[in-house]
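Close look at the chain arrangement
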Amino acid sequence: MVQINLPKNSEVTKGKYYQDKTGSKNIRKVNVYRWDPSTEENPRLDTYEVDMDNCPSKVLDILNKIKNEIDPTLAYRRSCAHGVCGSCAMNMGGKNGLACTTPHAEIDGDIDIYPLPHLKVKRDLIGDLDGLYKQYQSIEPWLKNNSTKETTEITQSKEERAKLDGAYECIMCACCSTSCPSYWWNGDKYLGPAVLLQAYRWIIDSRDEEREIRLKKVADELKLYRCHTILNCTNACPKGLNPAKAIAELKKMIATANV
Amino acid sequence: MENKRPLSPHIQIYRWHISSLVSISHRITGIINIVGITLICIWVSLLVLGDANYSLINQFLNSVLGKFFVIGLVWSFSFQMLSEIRHLLMDMGYGFELQTTRITGLMVIFGSFLLTILIYLIGKNFI
């Protein structure tokens, strides 16, 4: 159901203010969403004054700086710092993206950092993605080919392989799914852009033999048709992929009975 | 533990894009159109009951509020039409590139105002 307001226990309160201690003239205010599971308190928005003269260019660098130099209690996921692992997906300046590839210069004014939208927060900037992973599992994202022997190579033409471009590069960071209003309010039934892009990736794979079964599975009313082409997903994707177009292609395949 | 976890902010913090703005407006204008067209149908039906009703509604439509209502309905109808064409093209699989969605979105927004002015001028016999 569409629920505009946050539940009582999720309302964000004003948090602590960390004044700059370096005496730098080039200061930016960074507002970070904080929630500590060991207390009964509501989430809060802490403000940090960060010295930008000694800070590299990406939002993740700001977070590292805060954690290393100002407040070590801040929790967030990060790993590769090169836009490959998808760990540091979060909402920065009102838009989802990877903290390691988002330049802070692109954000005007104070920098607001929140966890990915509409998730159960585990702590600070860490959201619970279990639901999404379960949905990913439900589309059975692996090659299904029964007619070829295990020892035989399954060949694919260059054209057939080219169809997978724009679908296989997904790193499952969940930026797209958590940017989608339809997924916010129907996340229990609707698969969401990330999982549907992967469903599409296996449906168009020429080596896969369960195309029809896969298509029938996603054709279920809510799993696919909750997409209303809002296009927040394509706007959010840090890898420049287009989940909305993949969903449109799936709808087209089903509508034209090209099963 | 599970229930204690807060829900992270969503619509409160997410920035609007042209495409999301057009999408939500499409739905809102859809509802306005249904209500508006129903009212027009009721108005037409009331004519059967005598000309007293006609003059009453005529009076309303010529008031400031009535004019706002009519122009608003013309706009929401124009918006819905243009946005629907955009959706039709998308259903055929066209126009999903980010730049294209921005351009078509802006075309819908500005086009709806242009169409409103055009319909107004035609209605006033200026064209």
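Numbering of residues begins from 1 in every chain and follows the order in which that chain's sequence is written. Chains and ligands are labelled by the order in which they are written, letters from A for the one and numbers from 1 for the other. Restriction of local features to residues with pLDDT of at least 70 applies here, the model being predicted, together with a cutoff of 80 or more for giving and counting side-chain atom pairs; totals for whole chains, interfaces and linings are based on all residues.

Structural notes on the overall build of chain A
- Looking only at helices and strands, one finds 9 helices and 8 strands in chain A.
- When its C-alpha atoms are laid out on the principal axes, chain A stretches across 70 × 40 × 30 Å.
- Residues are defined as contacting one another if the C-beta atoms placed from their backbone atoms lie within 7 Å. In chain A, 66% of the contacts between residues at least 6 apart in sequence involve partners at least 24 apart. Counting from the N terminus, the helices are the DSSP runs of H or I reaching at least four residues and the strands are the DSSP runs of E reaching at least two.

Details of the overall build of chain B
- The secondary structure content of chain B amounts to 4 helices and 0 strands.
- In chain B, the succession of α and β elements from N to C terminus is α-α-α-α.
- The dimensions of chain B, computed from C-alpha atoms along their principal axes, are 65 × 45 × 25 Å.
- Burial is judged by counting the other C-beta atoms within 10 Å of a residue's own C-beta: 20 or more makes it buried, 12 or fewer makes it exposed, and any count in between marks it as partly exposed, with every C-beta position built from the backbone. In chain B, which comprises 127 residues, the proportion classed as buried is 21%.
- Taking all contacts inside chain B whose residues are at least 6 apart in sequence as the whole, residues at least 24 apart take part in 73%.

Concerning the packing of helix α3 (residues 64-91) of chain B against helix α4 (residues 98-123) of chain B
Residue and element names in this part refer to chain B.
- Closest axis-to-axis distance for the α3/α4 pair is 8 Å, and the angle between their directions is 140 degrees. As judged from the angle between their axes, α3 and α4 are oblique. For the pair α3 and α4, the crossing hand works out as right-handed. In contact with Ile71, Val74, Trp75, Ser78, Phe79, Leu82, Ser83 and Arg86 of α3, α4 contributes Thr104, Val108, Gly111, Ser112, Leu115, Thr116, Ile119 and Tyr120. Axis definition: a line fitted to C-alpha atoms, limited for helices to the stretch in contact. Angles are taken between N-to-C directions and run from 0 to 180 degrees. The labels follow the angle: roughly parallel below 35 degrees, roughly antiparallel above 145, roughly perpendicular from 65 to 115, and oblique for the rest. Crossing handedness is read from the near helix: turned anticlockwise from the far helix by less than a right angle, it gives a left-handed crossing, and turned clockwise, a right-handed one.

Brief notes about the interface of chain A and chain B
- Opposite the 41 residues of chain A that make contact, chain B presents 22 residues.
- For the side of chain A that touches chain B, the secondary structure elements donating two or more residues are β6 (111-114), β7 (121-123), α4 (181-186), α8 (232-236) and α9 (243-255) of chain A.
- Here the element with the most residues in the side of chain A that touches chain B is α9(A); it accounts for 6 residues.
- A per-class count over the side of chain A that touches chain B returns 18 nonpolar, 14 polar and 9 charged. Any residue outside Ala, Val, Leu, Ile, Met, Phe, Trp, Tyr, Cys, Pro, Asp, Glu, Lys and Arg is labelled polar, Gly included; the first ten of those are nonpolar and the last four are charged.

Overview of the sheet that holds strand β4 (residues 89-92) of chain A
All names here are of chain A.
- Taken together, the 6 strands give an open sheet; going across it, the order is β1-β3-β2-β6-β4-β5, and neighbouring strands pair in mixed fashion. Looking at the sheet topology across the chains shown, the edges are occupied by β1 (13-18) and β5 (95-98). Within this sheet the neighbouring strands show an average axis-to-axis angle of 30 degrees, counted without direction.
- In this description, strands pair whenever DSSP reports at least two bridges between them. Pairing of strand β2 (residues 27-34) with strand β3 (residues 44-51), which is carried by 8 bridges, proceeds in the antiparallel orientation. Bridging from a neighbouring strand, Asn31 pairs with Thr47 of β3.
- Its contacts with the sheet put helix α1 (residues 59-70) on β1, β2, β3, β4 and β6, and the angle it makes with β3 is roughly 95 degrees.

With respect to helix α1 (residues 18-47) of chain B
- In this analysis, the expected span of each helix is defined as 1.5 Å times one less than the number of residues it contains. When the terminal C-alpha atoms of α1(B) are compared, their 42 Å separation across 30 residues agrees well with the 44 Å that a helix rising 1.5 Å per residue should span.
- Taken as a whole, α1(B) has its buried residues at B:Ser19, B:Ser20, B:Val22, B:Ser23, B:His26 and B:Thr29.
- In this structure, the buried residues of α1(B) make contact with α8 of chain A together with α3 and α4 of chain B.

Describing the nonpolar core
Residue and element names in this part refer to chain A.
- A set of buried Ala, Val, Leu, Ile, Met, Phe, Trp, Tyr and Cys residues, joined to one another through C-beta atoms within 7 Å, is what we call a nonpolar core. Ranked by internal contacts, the top residues of the largest apolar core, which has 65 residues, are Met90, Ala99, Ile113, Leu196 and Ala199.
- Broken down by element, the residue count for this core peaks at 8 residues, all from helix α5 (residues 192-203).
- The split of the chain into domains comes from an automatic or database domain assignment. Shared between two domains, this core takes at least three residues from each, and those domains are domain 1 (8-127) and domain 2 (130-255).
- For Leu196, the residues in contact, after removing those within four places along its chain, are Leu191, Val218, Leu224, Pro243, Ala246, Ile247 and Leu250.

Overview of the domain arrangement of chain A
Residue and element names in this part refer to chain A.
- Domains assigned within chain A are domain 1 (8-127) and domain 2 (130-255).
- Placing the centre of domain 1 and that of domain 2 at their C-alpha centroids yields a distance of 31 Å.
- In this complex, domain 1 contributes 14 residues to the contact, which on the side of domain 2 involves 10 residues.
- No other element matches the 4 residues that β5 contributes to the side of domain 1 that touches domain 2.
- Class assignment for the residues of the side of domain 1 that touches domain 2 results in 7 nonpolar, 6 polar and 1 charged.

With respect to the pairing of β5(A)
All names here are of chain A.
- Here β4 runs beside β5; their pairing, made up of 4 bridges, is antiparallel. Following the sheet pairing, Met90 is matched in β5 by Gly97.
- The hairpin formed by β4 and β5 contains 2 residues between the paired strands, and Gly93 there has a positive phi angle of roughly 60 degrees.

Considerations on the environment of A:His82
- Along the polypeptide, A:His82 turns up in the loop between α1 and β4.
- Distance from A:His82 to A:Ile66, taken between C-alpha atoms, is 19 Å for residues 16 residues apart in sequence.

Quick look at the confidence of the model for chain B
- Residue-level confidence of the predictor is what pLDDT reports, using numbers from 0 through 100. Chain-level statistics for chain B give a pLDDT mean of 92 and a share of 98% at 70 or above.
- The complex model carries a pTM of 0.92, and its ipTM stands at 0.90.

Quick word on the pairing of β1(A)
All names here are of chain A.
- Counting buried residues in β1 gives 0 out of 6 residues, a small share hidden from the surface.
- Both β1 and β3 contribute to a ladder of 4 bridges, which runs parallel. Along β3, the bridge assignment pairs Tyr18 with Tyr48.

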